[in-house]
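Chain by chain, the residues:
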Amino acid sequence: MTILPPARISYPETGEYADPRVEALVNEVIGRVADKWTMLVLEVLAEHGETRFTRLGERVGNISQKMLTQTLRQMERDGLVVRTVHPVIPPKVEYRLTDLGLTLAEAFCGVWVWAEKNIERIEAARAAFDARKA
């Protein structure tokens, strides 16, 4: 049994601290999903549905087989993807998002929407910052 430190996050309306298990899970999920490969795999599978390993690597782009394998294994462990091995020669392996993976993809889709709405503001802020530093 893992002993977790007390939660650092409290709910403003009650002052009660969050369940430390929830806080630990949020930190793990953010760390994992903030990894660019997980985000890209989520995006590809959400857009294209069930996809073969090789095609998934092509669609993600610039990812090594090793990194794709590691990313998919961790996503499978977390319940985000299902791996299906078809008993044919040569072996055919496909991946698809679970319902849990789909809900995560939907949640992070908001980041894309936010980025689209705010790209000009961010670029302007960066340009202004860079001009002050020059």
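- The protein chain is annotated in an unreviewed UniProt entry as Transcriptional regulator of Caulobacter vibrioides.

Observations regarding the packing of aromatic side chains
Here's step 1: Under the defined criterion, the tally for this structure stands at 1 aromatic pair.
Here's step 2: With a centroid separation of 6.4 Å and an interplanar angle of 50°, the aromatic rings of phenylalanine 53 and tyrosine 95 are classed as tilted. Of this pair, phenylalanine 53 sits in helix α3 (residues 53-60) while tyrosine 95 sits in strand β3 (residues 92-97), and the two are 42 residues apart along the sequence. One exposure class covers both phenylalanine 53 and tyrosine 95, and it is buried.
Here's step 3: Positioned above the aromatic ring of tryptophan 37 is the side chain of lysine 36, whose terminal nitrogen or guanidinium carbon lies 4.5 Å from the ring centre.

A look at unusual backbone geometry
Here's step 1: Proline 90 follows isoleucine 89 through a cis peptide bond whose omega is -5°.
Here's step 2: Relative to the helices and strands, proline 90 resides in the loop between β2 (81-86) and β3.
Here's step 3: Positive phi, normally seen in glycine, also occurs at asparagine 62, with a value near 60°.
Here's step 4: By the element assignment, asparagine 62 lies in the loop between α3 and α4 (65-77).
Here's step 5: For asparagine 62, a relative accessible area of 81% puts it in the exposed group.

Some words on the confidence of the model for the protein chain
Here's step 1: Across the protein chain, pLDDT averages 88, with 91% of residues at or above 70.
Here's step 2: Across the protein chain, the element-wise mean pLDDT spans from 77 in helix α1 (residues 20-33) up to 98 in strand β1 (residues 51-52).

Structural notes on the nonpolar core
Here's step 1: Counting residues in each nonpolar core, the largest one holds 19 residues, and the members touching the most others are Val41, Leu45, Leu56, Val60, Leu68, Leu72 and Tyr95.
Here's step 2: When contributions to this core are tallied by element, the ones reaching two or more residues are α2 (36-48), α3, α4, β3 and α5 (99-133).
Here's step 3: Per-element tally for this core: the top contributor is α2, with 5 residues.
Here's step 4: Once residues lying within four places of it in the same chain are set aside, the contact partners of leucine 72 are Val41, Phe53, Leu56, Val81 and Tyr95.

Overview of the sheet that holds β3
Here's step 1: Taken in spatial order, the 3 strands make up an open sheet running β1-β3-β2, and their pairing is antiparallel. Of all the strands in the sheet, just β1 and β2 have a single pairing partner and so form its edges.
Here's step 2: Where β1 lies against β3, 2 bridges are found, and the strand directions are antiparallel. When the sheet's bridge partners are listed, arginine 52 is paired in β3 with glutamate 94.
Here's step 3: Along the sheet face, α2 touches β1, β2 and β3 and points at about 90° away from the line of β3.

Reading guide: rules and limits
Residues numbered from 1 in each chain as written. Predicted model: local features only at pLDDT ≥ 70, side-chain atom pairs only at ≥ 80, totals over all residues. Heavy atoms only, no water. Phe/Tyr/Trp six-rings, centres within 6.5 Å; stacked < 30°, edge-to-face > 60°. Helix = DSSP H or I, 4+ residues; strand = E, 2+ residues; numbered from the N terminus. Buried < 20%, exposed > 50% of the residue type's maximum accessible area, 1.4 Å probe, protein only. Lys NZ or Arg CZ within 6 Å of the ring centre and 35° of its normal. pLDDT = per-residue confidence, 0-100. Core = buried A, V, L, I, M, F, W, Y, C linked by side-chain atoms within 4.5 Å. Contact = heavy atoms within 4.5 Å. Pairing = 2+ DSSP bridges. Axes fitted to C-alpha atoms, helices over the stretch in contact; angles between N-to-C directions.

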